[in-house]
Amino acid sequence: MAMSIHHLQKNEKSEAVTKLWITVVCGLVFMGIKAFEYYTKFEHGLLPGRLLDVAHAHAQHANLGMYYGFYFCMTGLHGLHVMIGMGLIVWLAIRAKRGDFGADYFTPVEGVGIFWHIVDLIWIFLFPLLYLVG
Amino acid sequence: MGSNNNHSSGNHSHHIIPKEIYTRVMWALIVFTLLTVGFHYLFHNVMHGSVLAAPVAFLIAAFKAALVLMFFMGLKYDKPENRAIFATGFIFLALLFIFCVLDIYTRVAQTSTL
């Protein structure tokens, strides 16, 4: 994402388009991993709140449902934003391919870039919070 | 920012961050992610739990966040106003977290009625 802005600033339009598509592919890979993760969680009865299948999940305590409440809300909202970001980047890639952006106009790319990186920033904190701590 | 001598408005005044910096930041982020996982392994599987586990994980996360902010979001080369705007948002987020943490740490242990 950041590199596509770099290329646009230097008016290297086709490189910028490639970098945007690479970003979309990375987003897809991330969402694919998340889909797989959710699927296995559902399979093991690891569901939020009251839905937690205590027996099936071999949970020591029903409180585990609270963790999964947070887990699904936080990763779900983050995932939703990743999908919004991917949609926006596809839109940018199409417009960049059309030649709408260049060294003198790349504000939409920069704006979406800021959004994409704040979503990334949140994941930097969510990852240790949900997967490592506790 | 960088060159203030040309007064053309808009995108022209933007600093072009070199590609090498982006690649270096990317590798740094990957290395720090591996480091987080490594420390987690050390604290949980070797030392079987440590009070340092969470602070270390979040310290590394904060450092990674700073890298993303400075380079990917270009805040390092941006106007101080934008830094102030980000800092304001972050301070209020921290304020919200502080009250939540106070609540959690002053609670009496109880069993959930879920």
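A quick note: this is a predicted structure, and the numbers were derived from the prediction, not measured.

1. Notes on the overall build of chain A
- Counting secondary structure elements, chain A contains 4 helices and 0 strands.
- Beginning at the N terminus, the succession of helices and strands in chain A can be written as α-α-α-α.
- The C-alpha radius of gyration of chain A comes to 19 Å, more than 25% above the 14 Å expected for a compact globule of 134 residues.
- If one aligns the C-alpha atoms of chain A with their principal axes, the spans along those axes are about 60 × 20 × 20 Å.
- The proportion of buried residues among the 134 residues of chain A is 45%.

2. A few points about the side chain of His6 of chain A
- With respect to the helices and strands, the residue His6 of chain A is situated in helix α1 (residues 2-9).
- Those residues within four positions of His6 of chain A in sequence are excluded, and the remaining contacts are Ile16, Ile17, Pro18, Lys19 and Tyr22 of chain B.

3. What to know about the packing of helix α4 (residues 107-132) of chain A against helix α2 (residues 53-72) of chain B
- Two numbers describe how α4 of chain A lies on α2 of chain B: the axes approach to 9 Å, and their chain directions differ by 170 degrees. By the angle class used here, α4 of chain A and α2 of chain B are roughly antiparallel. Residues His117, Asp120, Leu121, Ile124, Phe125, Pro128 and Leu129 of chain A of α4 of chain A lie in contact with α2 of chain B, whose contacting residues are Ala57, Phe58, Ala61, Ala62, Lys64, Ala65, Val68, Leu69 and Phe72 of chain B.

4. So, the packing of aromatic side chains
- Counted by the stated rule, this structure contains 19 aromatic pairs over all chains.
- Centroid distance Tyr38 of chain A to Phe72 of chain A: 5.0 Å. Interplanar angle 75 degrees. Geometry classified as edge-to-face. Pair noted here: Tyr38 of chain A is in helix α2 (residues 13-43) and Phe72 of chain A is in helix α3 (residues 64-97), with a separation of 34 residues, a long-range link. Each member of the pair Tyr38 of chain A and Phe72 of chain A is classed as buried.
- For the ring pair Phe86 of chain B and Phe90 of chain B, a centre distance of 5.9 Å and an interplane angle of 25 degrees mean the geometry is stacked. With Phe86 of chain B and Phe90 of chain B both in helix α3 (residues 80-105), this residue pair falls 4 residues apart, about one helical turn.

5. Comments concerning unusual backbone geometry
- In this model, Asn11 of chain A sits at a positive phi of 65 degrees, which is unusual for a non-glycine residue.
- Tracing the backbone through its elements, the reader meets Asn11 of chain A in the loop between α1 and α2.

6. Description of a nonpolar patch on the surface
All names here are of chain B.
- On the surface, Leu35, Phe39, Tyr41, Leu42, Val46 and Met47 cluster together to form a nonpolar patch covering roughly 540 Å² of accessible area.
- With respect to the helices and strands, the residue Phe39 is situated in helix α1 (residues 19-46).
- The exposure class assigned to Phe39 is partly exposed, which follows from its relative accessible area of 31%.

7. A look at the nonpolar core
- By size, the foremost hydrophobic cluster in this structure holds 34 residues, and its most contacted members are Met1, Leu20, Val82, Ile89, Leu92 and Val109 of chain A.
- Those residues in contact with Ile89 of chain A that sit more than four places away from it in its chain are Met1, Leu20, Thr23, Val24, Val112 and Trp116 of chain A.
- The next biggest cluster of nonpolar side chains, apart from the first, holds 18 residues, and it includes Met3 of chain A together with Val25, Ala61 and Leu67 of chain B.

8. Focus: the confidence of the model for chain B
- Scored by pLDDT, chain B has a mean of 82; 84% of the residues are at 70 or more.
- In the predicted structure, residues 1-12 of chain B sits below a pLDDT of 50 and forms 14 contacts with residues beyond four places in sequence or in another chain.

9. Points about the layout of surface pockets
- Its boundaries defined by the atoms lining it, the second largest pocket holds a volume of some 1300 Å³.
- If you list the elements that add at least two residues to the lining of the second largest pocket, you get α1, α2, α3 and α4 of chain A together with α1 and α2 of chain B.
- In terms of residue count, α2 of chain A provides more of the lining of the second largest pocket than any other element does, 10 residues in total.
- When its residues are assigned to classes, the lining of the second largest pocket shows 19 nonpolar, 7 polar and 5 charged.

10. Focus: empty space enclosed by the protein
Residues and elements named next belong to chain B.
- Counted according to the given criterion, the structure contains 1 cavity of 30 Å³ or more.
- Taken as a whole, the largest cavity holds about 60 Å³ of empty space.
- Looking at the lining of the largest cavity, the elements that each hand over two or more residues are α1 and α2.

11. Side note on the pattern of salt bridges
Residues and elements named next belong to chain A.
- This structure, assessed with the given rule, holds 4 salt bridges over all chains.
- Between Arg95 and Asp100 there is a salt bridge whose closest N-O contact spans 2.9 Å.
- What makes Arg95 buried here is its relative accessible area of 18%.
- For Arg98, the salt bridge identified is with Asp100, shortest N-O distance 2.8 Å.
- By sharing partners, the salt bridges in this structure join Arg95, Arg98 and Asp100 into a single network.

The rules we used
Residues numbered from 1 in each chain as written. Chains lettered and ligands numbered in written order. Predicted model: local features only at pLDDT ≥ 70, side-chain atom pairs only at ≥ 80, totals over all residues. Heavy atoms only, no water. Helix = DSSP H or I, 4+ residues; strand = E, 2+ residues; numbered from the N terminus. Rg over C-alpha atoms; globule rule 2.2 N^0.38 Å. Buried < 20%, exposed > 50% of the residue type's maximum accessible area, 1.4 Å probe, protein only. Contact = heavy atoms within 4.5 Å. Axes fitted to C-alpha atoms, helices over the stretch in contact; angles between N-to-C directions. Parallel < 35°, antiparallel > 145°, perpendicular 65-115°, else oblique. Phe/Tyr/Trp six-rings, centres within 6.5 Å; stacked < 30°, edge-to-face > 60°. Patch = residues over 30% accessible without salt bridge, like charges linked within 9 Å, V, L, I, M, F, W, Y side chains within 5 Å. Areas by Shrake-Rupley, 256 points an atom, 1.4 Å probe, with all protein chains shown as cover. Salt bridge = Lys/Arg side-chain N within 4 Å of Asp/Glu carboxyl O. Core = buried A, V, L, I, M, F, W, Y, C linked by side-chain atoms within 4.5 Å. pLDDT = per-residue confidence, 0-100. 1 Å grid on protein atoms, 1.4 Å probe; cavity = no way out; pocket = protein on both sides within 12 Å on 5 of 7 lines; lining within 4 Å. Points joined across faces, edges and corners; volume = space filled by probe spheres on them. Nonpolar A, V, L, I, M, F, W, Y, C, P; charged D, E, K, R; others polar.

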